[in-house]
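# Fold and contact review
Chain by chain, the residues:
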Amino acid sequence: MFDCLRTSALSLVLGLAFCLLVALPNAAAETRGLTPALVEAMKVPQQNLGSLSCRRLWYLEHKVLAAGRICPSTDRARRAFGKALPCISDEERILPERAGDYLAEVRRAQRAKSCPPD
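In this report, we go over the structure that sits alongside the text. (Residues numbered from 1 in each chain as written. Predicted model: local features only at pLDDT ≥ 70, side-chain atom pairs only at ≥ 80, totals over all residues. Heavy atoms only, no water.)

## Re helix H5 (residues 97-112)
Spanning 16 residues, H5 covers 23 Å between terminal C-alpha atoms, matching the ideal 22 Å at 1.5 Å per step. The secondary structure elements touched by the buried residues of H5 are helix H2 (36-41) and helix H3 (54-67). Ser114 sits one or two residues past H5 and shows a positive phi near 55 degrees. (Helix = DSSP H or I, 4+ residues; strand = E, 2+ residues; numbered from the N terminus. Expected span 1.5 Å × (residues − 1). Contact = heavy atoms within 4.5 Å.)

See the structure below:
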């Protein structure tokens, strides 16, 4: 009986190890070049952006900027994200390409909803 349990446990461990070996490179490729703060800020899938309210889209846009350490440009953004990571630049071009692409999608969703400017 113990041999059967040992074999089952070994099969389970080997199966889990194989799954991890396959999944980890894919997860690393998805986050390549992004800080953990940017990964967290960008966790709303792009296909779901259209379902968010204008207020939520504004917050998401500025959360990504703050996570990318872009200095807030408005009083509203400074109030909301003044305690975030210290900013290092006013230029969005310092963001990784994936973060810039994500911001473009957020802004596209804002325009589609006719959200008011900041």
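## Describing the state of the cysteines
Scanning the model with the defined rule gives 2 disulfides in all. The side chain of Cys54 participates in a disulfide bridge whose partner is Cys115; the two sulfur atoms lie 2.1 Å from each other. Looking down the S-S bond of the Cys54 and Cys115 bridge, the torsion is -85 degrees, so its handedness is left-handed. Linking Cys54 in helix H3 with Cys115 in the segment after H5, this pair joins segments that are 61 residues apart in sequence. Judged by relative accessible area, which is 26%, Cys54 ranks as partly exposed. Across a sulfur-sulfur distance of 2.2 Å, Cys71 and Cys87 are joined as a disulfide pair. On the sign convention where negative means left-handed, the S-S torsion of about 85 degrees between Cys71 and Cys87 marks this disulfide as right-handed. Of this pair, Cys71 sits in the loop between H3 and helix H4 (75-81) while Cys87 sits in the loop between H4 and H5, and the two are 16 residues apart along the sequence. Across the chain, the disulfide pattern expressed with sequentially numbered bonded cysteines is 1-4, 2-3. (Disulfide = S-S within 2.5 Å. Buried < 20%, exposed > 50% of the residue type's maximum accessible area, 1.4 Å probe, protein only.)

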